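Examining the three-dimensional arrangement
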Amino acid sequence: MSAFRFLQSSDLHLGRAFGGYPEGIRHRLREARHGAIARLARAARDGGAGVVLLAGDTFDAETPAPETLRQALRAMGEEGDLIWVLLPGNHDSLAASELWRRIASDAPANLRAITSDAPVELTPGHWLLPAPCTQRRPGRDLTEAMSAPTPAGARRIGLGHGAITDFSGEEGAIGIIPPDRAARSGLDYLGLGDWHGQMQVTPATWYSGTPEPDGFKHDAPSAALLVALGGRADVARVETAQFRWTSPALDLLPGEAVAARIAAALPATRARDHLVRLRVTGRLTLAERAALESDFAARAPDFGWFAADLSALAVEALPHDLDEIDRAGALRQAAEALLAEVGDGALAKADRDMAAAALARLYALTQEVRA
Ligand SMILES: [Mn+2]
């Protein structure tokens, strides 16, 4: 038997709303999730795979908008040389009976919706042993079904969704799937969904992760898995993401070349396809902090989304800095009161941080007025 090649992915979360982000980027993030279908198709085709296995959470919600569902099914249908296999995950479990009814009635001929745990012959001699989520939190190990018999000599491919007992899942649920499920059920390969980063559990057990990132939790670029199943599973990662979500850290001290340090910490190319959450620690003088904030304000529009967290950046106010605010009068008094709060160990850290931010703001405003 020659090697059977397929692509594994999971957690497309089509239709995810990304509430809390500005409208422009929210729209682009939703669109990128739909675009993952075409990128997966290309990855499969380029790797010589004719089957794409989606290990759950293809849809973010049990009742996706009609256009989210229809356009996804159409996009898969238009990749007509590939077979798409959809496994229900916890977001789109079999409890969403209306969703799976709509999929059954609208699906293109090259889509296989898995609505039971009965083994499915994918190609001659290669059997899929699926464990579709029956509900959002099934509370038991559905992958036991993967021990079902198949004809002698068949290659056995498990497909499931959920966390293994070694760690809790993407949304904190306690893991139930035994990490040695592949060995227990005689599987040649086990593809899992739920975890949005990519992870190998055993030589033949993998979380593919989502093909398009949806948060800051997993920092590595999102990818699918190209699997060649011969005598053993030969697994290769194929990058599929449009966006990168990245959380760089920057630790600063007075006198450093701050602008150069910022530039080195941030993505240098394709900035508009990056969401950046920069965390700054250390301490700076008031003048340096003001320069830092104006540097961020100038760079922010380059990125798909940009935020800098300065709450852990201490401020070092020299007498000279206070003179720059004012030598006397109400502003000087306000500055001295804030500076006292910054150094007041009796105050909560959040209050000291707020005083530091206010002092930095006061400094920046007085410099702007004078400029
Ligand atoms: Mn998921």
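Residues numbered from 1 in each chain as written. Predicted model: local features only at pLDDT ≥ 70, side-chain atom pairs only at ≥ 80, totals over all residues.

Our focus in this paragraph is the overall build of the protein chain. The helix and strand tally for the protein chain stands at nine helices and 16 strands. Against the globule reference of 21 Å for 371 residues, the protein chain gives a C-alpha radius of gyration of 26 Å, more extended than a compact globule. Referenced to the eigenvectors of the C-alpha coordinate spread, the extents of the protein chain come out at roughly 90 × 40 × 35 Å. The burial tally for the protein chain puts 38% of its 371 residues in the buried class. (Helix = DSSP H or I, 4+ residues; strand = E, 2+ residues; numbered from the N terminus. Rg over C-alpha atoms; globule rule 2.2 N^0.38 Å. Buried ≥ 20, exposed ≤ 12 C-beta atoms within 10 Å, placed from the backbone.)

This next bit is on the sheet that holds strand β2 (residues 51-54). Read across the open sheet, the six strands follow the order β4-β3-β2-β1-β11-β12; overall the sheet is mixed. One side of each edge strand has no neighbouring strand; the edge strands of this open sheet are β4 (111-113) and β12 (233-239). Pairwise comparison of adjacent strand axes, ignoring direction, gives a mean angle of 20 degrees for this sheet. When strand β1 (residues 4-9) meets strand β11 (residues 223-229), the two strands line up antiparallel, connected through five bridges. Counterpart to F6 in the pairing with β11 is V227. (Pairing = 2+ DSSP bridges. Axes fitted to C-alpha atoms, helices over the stretch in contact; angles between N-to-C directions.)

An α-helix turns once every 3.6 residues. As a result, residues three or four positions apart point the same way. Between its terminal C-alpha atoms helix α2 (residues 66-78) stretches 18 Å, which fits the 18 Å expected from 13 residues at 1.5 Å a residue. Looking at α2, one finds that the buried residues are L69, A72, L73 and M76. Within α2, the buried residues cover an arc of 95 degrees as seen down the axis, which keeps them to one side. Seen from the open side of α2, the exposed residues pointing more than 90 degrees away from its buried face are P66, E67 and E78. Where the residues of α2 are buried, they touch α1 (23-46), β3 (83-86), α3 (97-106) and β4. (Expected span 1.5 Å × (residues − 1). Arc of directions from axis to C-beta. Contact = placed C-beta atoms within 7 Å.)

The next point concerns the packing of helix α8 (residues 330-342) against helix α9 (residues 349-370). Put simply, α8 and α9 touch, their axes get as near as 8 Å, and they point 150 degrees apart. Between α8 and α9, the crossing angle belongs to the class labelled roughly antiparallel. For the pair α8 and α9, the sense of crossing is left-handed. For the pair α8 and α9, the contacting residues are L331, A334, A335, L338, L339, E341 and V342 in the first and D351, R352, A355, A356, A358, L359, L362 and T366 in the second. In terms of residue class, the contact of α8 with α9 is built from 11 nonpolar, one polar and three charged. (Parallel < 35°, antiparallel > 145°, perpendicular 65-115°, else oblique. Left-handed = near helix turned anticlockwise from the far one by under 90°. Nonpolar A, V, L, I, M, F, W, Y, C, P; charged D, E, K, R; others polar.)

Let us look at the domain arrangement of the protein chain. Domain boundaries assigned for the protein chain yield domain 1 (4-239) and domain 2 (247-370). Here domain 1 and domain 2 have C-alpha centroids that lie 44 Å from each other. The interface is formed by five residues belonging to domain 1 together with four residues belonging to domain 2. Its residues assigned to classes, the side of domain 1 that touches domain 2 shows three nonpolar, no polar and two charged. (Domains from an automatic or database assignment.)

A few words now on the sheet that holds strand β5 (residues 120-123). Backbone hydrogen bonds hold the strands of a sheet together, and the pairing may be parallel or antiparallel. Here six strands make up an open sheet; going across it, the order is β5-β6-β7-β8-β10-β9 and the pairing mixed. In this open sheet, the two edge strands, each paired with only one partner strand, are β5 and β9 (199-202). Sheet twist, expressed as the average angle between the axes of neighbouring strands with direction ignored, equals 25 degrees. In terms of strand pairing, β9 meets strand β10 (residues 205-207) through three bridges, oriented antiparallel. Within β10, the position partnered with Q200 by the bridge is W206.

Mapping T58 onto the fold places it in the loop between β2 and α2. Counting along the chain gives 248 residues from T58 to F306, while the straight-line C-alpha distance between them is 28 Å. Apart from the residues within four sequence positions on either side, T58 is in contact with L12, L14, L86 and D92.

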